[in-house]
Amino acid sequence: MAGICDRVPDFLSPAEDQALGPSLGSAVALNCTAWVASGPHCPPPSVQWLKDGLPLGNISRYHEDSWVKTKFSEVLVSSVLCINVTKAEDYGTFICSVHNVSSSSFILQKAGLAGHVAAVLAALLVLLVLLLAGLLYVKCRLNVLLWYQDTHGEVEMNDGKLYDAFVSYSDCPEDRKFVNFILKPQLERRRGYKLFLDHRDLLPRAEPSADLLVNLSRCRRLIVVLSDAFLGRAWCSHSFREGLCRLLELTRRPIFITFEGPRRDPAHPALCLLRQHRHLVTLLLWRPGSAMLSSDFWKELQLALPRKVQYRQTEGDPQTHLQDDNDPMLIVRGHAAEGRSLERELDPDPEGDLGVRGPVFGKPPAPPHASGVSMGEGRSSEMDISDLGSRNYSVRTDFYCLVSEEDV
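What about the overall build of the chain?
Each helix and strand counted, the chain has 9 helices and 14 strands in total. By the burial criterion, 33% of the 408 residues in the chain qualify as buried. Summarising the internal contacts of the chain: among those between residues at least 6 apart in sequence, 71% fall at separations of at least 24. For the chain, the computed accessible surface area is about 26400 Å², with 55% contributed by carbon and sulfur atoms.

Some words on the confidence of the model for the chain
Put simply, the chain has an average pLDDT of 75, and 67% of its residues get 70 or more. Per-residue pLDDT stays below 50 along residues 327–345; that stretch engages in 37 contacts with residues further than four places along the chain or on separate chains. In this model residues 351–362 is a low-confidence stretch, pLDDT under 50, and it forms 11 contacts with partners more than four residues away in sequence or in other chains.

Details of unusual backbone geometry
The step from serine 13 to proline 14 runs through a cis peptide bond, and the omega angle for that step is 0°. One can find proline 14 in the loop between β1 (10–13) and β2 (18–20). One non-glycine residue, aspartate 52, adopts positive backbone phi at about 55°. One can find aspartate 52 in the loop between β4 (47–51) and β5 (54–55). For arginine 253, which is not glycine, the phi torsion reads 45° and is therefore positive. Within the fold, arginine 253 resides in the loop between α7 (240–250) and β13 (255–259). Relative accessible area serves as the criterion here: at 39%, arginine 253 is assigned to the partly exposed category.

Describing the state of the cysteines
Applying the stated criterion across every chain yields a total of 1 disulfide. The disulfide that involves cysteine 32 links it to cysteine 96, with 1.8 Å between the sulfurs. With the S-S bond torsion at 65°, the cross-link from cysteine 32 to cysteine 96 turns out right-handed. In this pair, cysteine 32 is assigned in strand β3 (residues 27–37) and cysteine 96 in strand β8 (residues 92–98), connecting sequence segments 64 residues apart. Since its relative accessible area comes to 1%, cysteine 32 is described here as buried.

So, the nonpolar core
Here is a general trend for soluble globular proteins: nonpolar side chains tend to be buried in one another's company. Counting residues in hydrophobic clusters, the biggest one holds 25 residues, and the most contacted among them are Phe166, Leu202, Leu226, Phe240, Phe256 and Leu274. No other element matches the 4 residues that helix α8 (residues 269–276) contributes to this core.

A few points about the environment of alanine 27
Positionally, alanine 27 belongs in strand β3. The exposed category is assigned to alanine 27, whose relative accessible area is 59%. Here the alpha-carbon distance between alanine 27 and cysteine 82, two residues 55 residues apart in the chain, equals 7.0 Å.

Brief notes about the packing of aromatic side chains
Between two aromatic rings, the relevant description is the distance of the centres plus the angle of the planes. What the rule picks out here adds up to 9 aromatic pairs. Aromatic pair phenylalanine 178 and phenylalanine 259: ring centres 5.1 Å apart, planes at 80°, arrangement edge-to-face. Here phenylalanine 178 is found in helix α3 (residues 173–190), whereas its partner phenylalanine 259 is found in strand β13, with 81 residues between them in sequence. Taking the relative accessible area as the measure of exposure, phenylalanine 178 reaches 6% and is therefore buried. Arranged with centres 5.1 Å apart and planes meeting at 80°, the rings of phenylalanine 178 and tryptophan 286 form a pair that is edge-to-face. On the criterion of sequence distance, the pair formed by phenylalanine 178 in helix α3 and tryptophan 286 in strand β14 (residues 282–286) is long-range, its members being 108 residues apart. Neither phenylalanine 178 nor tryptophan 286 differs from the other in exposure class; each is buried. Of note, lysine 194 hangs over the ring of tyrosine 163, and the distance from its end group to the ring centre comes to 5.2 Å.

Some words on the sheet that holds β5
What holds strands together in a sheet is hydrogen bonding between their backbones, with the strands either parallel or antiparallel. Here 5 strands make up an open sheet; going across it, the order is β2-β9-β8-β4-β5 and the pairing mixed. Taken across any chain shown, the strands that pair with only one partner, and hence form the sheet edges, are β2 and β5. Note that β8 and strand β9 (residues 101–108) share 6 bridges and pair antiparallel. Following the sheet pairing, glycine 92 is matched in β9 by leucine 108.

Things to note about the pattern of salt bridges
Within this structure, the stated rule accounts for 8 salt bridges. Residue aspartate 171 is joined to arginine 176 by a salt bridge in which the shortest nitrogen-to-oxygen separation is 2.7 Å. The class for aspartate 171 is partly exposed, based on a relative accessible area of 44%. Here arginine 200 makes a salt bridge to aspartate 198, at a shortest N to O gap of 3.1 Å. Among the residues examined, aspartate 198 registers a relative accessible area of 9% and is labelled buried. Here the residues in one salt-bridge network are Glu154, Glu156, Arg221 and Arg252, joined through shared partners.

Here is what the cut-offs are and how they apply
Residues numbered from 1 in each chain as written. Predicted model: local features only at pLDDT ≥ 70, side-chain atom pairs only at ≥ 80, totals over all residues. Heavy atoms only, no water. Helix = DSSP H or I, 4+ residues; strand = E, 2+ residues; numbered from the N terminus. Buried < 20%, exposed > 50% of the residue type's maximum accessible area, 1.4 Å probe, protein only. Contact = heavy atoms within 4.5 Å. Areas by Shrake-Rupley, 256 points an atom, 1.4 Å probe, with all protein chains shown as cover. pLDDT = per-residue confidence, 0-100. Disulfide = S-S within 2.5 Å. Core = buried A, V, L, I, M, F, W, Y, C linked by side-chain atoms within 4.5 Å. Phe/Tyr/Trp six-rings, centres within 6.5 Å; stacked < 30°, edge-to-face > 60°. Lys NZ or Arg CZ within 6 Å of the ring centre and 35° of its normal. Pairing = 2+ DSSP bridges. Salt bridge = Lys/Arg side-chain N within 4 Å of Asp/Glu carboxyl O.

So this is what it looks like as structure tokens:
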């Protein structure tokens, strides 16, 4: 019997050392459960709690619940210690002991930074990703929008418009320099747009003139250079609201260019009204650094203008592509009347006056000879020129000398 009573208790809980981090003001329950040998001569099992190697004793802030269950030659002993963590002295190492045999320990420690390292690192990582996403949005937003416009934007073609934009500005030296030396070269030469410039009053007495209605109908957009001289006009100061309503009826989302400078009055009624209706207009600000080609001003202006589509130039004389003309002096392979055919030779200069010439130095190439065709002095040409009067040459910008006075 003595050997049975001396058998070491089998602890079910805690199976191993446990580290807990309760915060101040919280409660924690420590469970100690073990199988203990039982017999007629074995002492009754009891559970004793120790803190930092010392018995707890009867302390009011600790509460213990114990129960015993007998099963044949073993007894299941369980004790639950409830601890209210109210101050720093409540933290420590707790151990339960049965028959002077100690179990694994419960370690209560303060919840500091070490317990939240993973959460802190995850929060920092998410914050870094958001910062990078915001930086990329600020730096690359316009480039992404331009790429989308050039790839999937609406193509405004076959709409009867002759110009891409109508540019209205004041007839003062500063505005003329800005339009003719900055705005027009950038949009027409570098971007490929076609502009219609007008320095006359846009809306005299806030009513559109007949010329304005006709010119705006030929343009896809309206650009207003809203300088100090432009804002000094009467309708901008007294009836700008009515004029803006007229412009919104005549054109699609007008573009207003304002200037940053000491003379600019931010409280001007026209500027205040435009800021209130940003969803209906495009308001751009010209800064001292906007003259650079990579500035945001040109990108925002290009987004407000129609999408430009680049087409590959066709080969051959551009005049022959405008109409179906069988002129033997304009087409690459011609024919003569009455069964007499010209010699089939390629035109050495298929691009006409617009093409690239041959080498400057060296012997010039011999002109092509036509068999059966004589253009000598005193003799008439054998080509049929009876239809010259019916041909339409109004679309051409330059002309060839088709016949001479002697041939006629």
